[in-house]
Protein chains: 2
Amino acid sequence: MATVLTRKERERTERENRILQLAREMLQEVGYLGLSMDRIAAEMEYSKGTIYQHFRNKEEIILALANEALETRLAMFERAATWPGDSRTRMAAIGAAAEAFVERYPMHFAVEQIVRSSSIWEKTSEERRQFMDACEGRCLQIVGGIVRDGLSQGDLELPPGRSAEDLVFGLWSLNFGAYTIISSSGSLKENGITDPVEALRLSQNRMLDGHNWRPLSSDVDYPGVMDQVKREMLKDE
Amino acid sequence: MATVLTRKERERTERENRILQLAREMLQEVGYLGLSMDRIAAEMEYSKGTIYQHFRNKEEIILALANEALETRLAMFERAATWPGDSRTRMAAIGAAAEAFVERYPMHFAVEQIVRSSSIWEKTSEERRQFMDACEGRCLQIVGGIVRDGLSQGDLELPPGRSAEDLVFGLWSLNFGAYTIISSSGSLKENGITDPVEALRLSQNRMLDGHNWRPLSSDVDYPGVMDQVKREMLKDE
DNA sequence: TCTCATTATCGACTCTTCGTCATTTTTTGA
DNA sequence: TCAAAAAATGACGAAGAGTCGATAATGAGA
């Protein structure tokens, strides 16, 4: 009896994964507007009603994809945060993880962008929204922890009234903004920005230098560290 | 004959503006997904066909709104760039203009976000896309000009191989990312980021400090300058 | 003022998609 | 084997995008 239930449940989750996988591919090909429940059903060779047994509407599918994305990044951040070294080096490792995430899972990042700008929130379930917030919060905490380590070890200072999270917010904004612009602006090269990812690294390092987070980027080869971390993170599979 | 044509043309552009105004309001109320051509037509008391004489599809309306947004910001940047003072102070003025833009025209910024993440590009006309790129490029040039002024006056240095535009890209990403996250994340306060706009200012100043752009933010009250610029820019009407 | 060609406007129509739900099919366990 | 429960189906209603032939307004010339 127990095994029967689990077999059913296994089938269910497996089908759910198939739906999500298909939705991801579709999203890649035809974009958010082209994503259609009818087409998903047809491609799955299931009826529409069955698809709706898994996800109450289209937005739930999108948000489920976004949840996977945030979960994936959270895992990568958790791993990067344990990189050996001083606080600033660990911060560089986080930066490398963020880069690796976008490179390794471009669709994940694209979904996150969609979720952050379309008004899909109202139609989605409370749970998934909370999951999203939870992942976001955990990520903030992880990176904030590194900042707090640095603060307690005297590697950097913050002005009175500003929190470790404020600093993290700056890094987060910089990264999210940079990749969004990269993926949506057609005229970067024409305007003298030949290697935006390199420009992002520079800005990031200069921001941390501005916080006087030692050792400064002029004294350590952080790009080298980042390349090393990335290689390590992208290694398996 | 000439006057007849101009009257007709005036009527035409006026109606076009009415459509855009209406679309903007609708976007505010019901979001991108709720924006409907039928509803625009009904509200305008014109038939759908007439609306389609102005805009070949829904995406064109969105992009037209985005064009207005970029045009507005360009004007604000042009004005801010002439603020008297050294290069770094003028940079602070640009930052203030960016803030003022989002505060004064939140809908403009929201439209920009939509355009940057939905896949509406394929359906839109070449001209409007070019206009978009042109505004973007001009903005980059204006801010890049301030950086070049600073470089030539020895107020800051850049590593070899990095351009003034690379620096601007960092600021641009930081700002765009920050406002996107602010408008889409429900859990900033819960995670210790009580005043994200203040956090953005800090990050921005620290980034410029990291570029060693003098005078440093520790020596000048740039937030005070920014408040002053903003007051000036938001003054008229 | 009247005529007629040109231009503008209209809205019914097609097509597509979302989401529902009564009906049919399959599974389960006695 | 069989009846009840669960799962799957797809026809259907509603709503929106975009088209196009029919209709109305305009205005230049007679």
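What counts and how
- Residues numbered from 1 in each chain as written.
- Chains lettered and ligands numbered in written order.
- Predicted model: local features only at pLDDT ≥ 70, side-chain atom pairs only at ≥ 80, totals over all residues.
- Heavy atoms only, no water.
- Helix = DSSP H or I, 4+ residues; strand = E, 2+ residues; numbered from the N terminus.
- Buried < 20%, exposed > 50% of the residue type's maximum accessible area, 1.4 Å probe, protein only.
- Domains from an automatic or database assignment.
- Contact = heavy atoms within 4.5 Å.
- Buried area = accessible area lost by both parts, 1.4 Å probe.
- Near = heavy atom within 4 Å.
- Polar contact = N/O pair within 3.5 Å; in protein donor to acceptor, adjacent residues only side chain to side chain.
- Nonpolar A, V, L, I, M, F, W, Y, C, P; charged D, E, K, R; others polar.
- Axes fitted to C-alpha atoms, helices over the stretch in contact; angles between N-to-C directions.
- Left-handed = near helix turned anticlockwise from the far one by under 90°.
- Least-squares fit on C-alpha atoms with pLDDT ≥ 70 in both.
- Patch = residues over 30% accessible without salt bridge, like charges linked within 9 Å, V, L, I, M, F, W, Y side chains within 5 Å.
- Areas by Shrake-Rupley, 256 points an atom, 1.4 Å probe, with all protein chains shown as cover.
- Salt bridge = Lys/Arg side-chain N within 4 Å of Asp/Glu carboxyl O.
- Lys, Arg positive; Asp, Glu negative; His and termini not counted.
- Charge placed at Lys NZ, Arg CZ, Asp CG, Glu CD.

Here we look at unusual backbone geometry
The amide bond that connects Arg-214 of chain A to the next residue, Pro-215 of chain A, takes the cis arrangement and shows omega of -5°. Take Pro-215 of chain A: it is sitting in the loop between helix H9 (196-210) and helix H10 (222-235). Phi at Glu-45 of chain A takes a positive value of approximately 60°, unusual for a residue other than glycine. Take Glu-45 of chain A: it is sitting in the loop between helix H2 (37-44) and helix H3 (48-54). The phi angle at Asn-212 of chain B is positive, at roughly 60°, despite the residue not being glycine. Residue classification places Asn-212 of chain B among the partly exposed positions, given a relative accessible area of 30%.

Re the domain arrangement of chain A
All names here are of chain A. Structurally, chain A comprises domain 1 (1-54) and domain 2 (58-235). Taking only C-alpha atoms, the centre of domain 1 and the centre of domain 2 are 30 Å apart. Across the boundary between the two partners, domain 1 contributes 11 residues, which contact 13 residues of domain 2. Of the roughly 1,300 Å² buried between domain 1 and domain 2 on both sides combined, carbon and sulfur atoms contribute 73%.

Points about the protein's contact with DNA strand D
Around DNA strand D lies a shell of 18 residues, among which Arg-15, Ser-47 and Thr-50 of chain A together with Met-37 and Lys-48 of chain B are the nearest. Put simply, 64% of the atoms of DNA strand D that lie within 4 Å of the protein are in sugar or phosphate. Interatomic distance of 2.8 Å between a backbone N/O atom of Ser-47 of chain A and a phosphate oxygen of DNA strand D. Note that a phosphate oxygen of DNA strand D is positioned 3.1 Å from one of the side-chain N or O atoms of Thr-50 of chain A. Every element with two or more residues in the surface near DNA strand D is listed here: helix H1 (2-34) and H3 of chain A together with helix H2 (37-44), helix H3 (48-54) and helix H4 (58-81) of chain B. Grouping the constituent residues of the surface near DNA strand D by class yields 4 nonpolar, 5 polar and 9 charged.

Regarding the packing of helix H7 (residues 126-152) of chain A against helix H8 (residues 164-184) of chain A
All names here are of chain A. Packing of H7 against H8 brings their axes to within 8 Å, and their N-to-C directions diverge by 120°. With respect to the hand of their crossing, H7 and H8 are arranged in right-handed fashion. On H8, the residues that touch Glu-136, Leu-140, Gln-141, Val-143, Gly-144, Val-147, Arg-148 and Leu-151 of H7 are Ala-164, Glu-165, Leu-167, Val-168 and Trp-172. Of the residues belonging to the contact of H7 with H8, the class tally is 8 nonpolar, 2 polar and 3 charged.

Quick look at the protein's contact with DNA strand C
In the vicinity of DNA strand C, 21 residues are found, and the nearest of them are Ser-36, Asp-38 and Lys-48 of chain A together with Arg-15 and Ser-47 of chain B. Counting only the atoms of DNA strand C that lie within 4 Å of the protein, the sugar and phosphate share comes to 61%. Side-chain polar atom of Tyr-52 of chain A to a phosphate oxygen of DNA strand C: 3.0 Å apart, as the coordinates give it. A distance of 3.3 Å separates a phosphate oxygen of DNA strand C from a polar backbone atom of Lys-58 of chain A. Elements supplying a minimum of two residues to the surface near DNA strand C: H1, H2, H3 and helix H4 (58-81) of chain A together with helix H1 (2-34) and H3 of chain B. A class-by-class count of the residues in the surface near DNA strand C yields 6 nonpolar, 6 polar and 9 charged.

Side note on the relation of the copies chain B and chain A
Once turned by 180° and shifted 0.0 Å along the axis, chain B lies on chain A with an RMSD of 0.1 Å. Here the copies are linked by what is in effect a two-fold axis. Counting the interface residues of chain B, we find that 98% of their copies in chain A are interface residues as well, pointing to one common contact surface.

So, a negative patch on the surface
A cluster of acidic residues, Glu-25, Glu-29, Glu-43 and Glu-45 of chain A, forms a negative patch on the protein surface. Given the relative accessible area of 72%, Glu-45 of chain A is considered exposed.

A short note on the interface of chain B and chain A
Taken together, the contacts link 56 residues of chain B with 55 residues of chain A. Taken over both partners, the interface formed by chain B and chain A buries close to 4,400 Å², and the fraction arising from carbon and sulfur atoms is 63%. Connecting chain B to chain A are 0 salt bridges. Along the contact surface separating chain B from chain A lie 9 residue pairs in polar contact (both at pLDDT 80 or more). Those elements that provide at least two residues to the side of chain B that touches chain A are H1, helix H6 (106-117), helix H7 (126-152), helix H8 (164-184) and helix H9 (196-210) of chain B. Of all the elements, H8 of chain B adds the most residues to the side of chain B that touches chain A, at 14 residues. When its residues are assigned to classes, the side of chain B that touches chain A shows 23 nonpolar, 21 polar and 12 charged.

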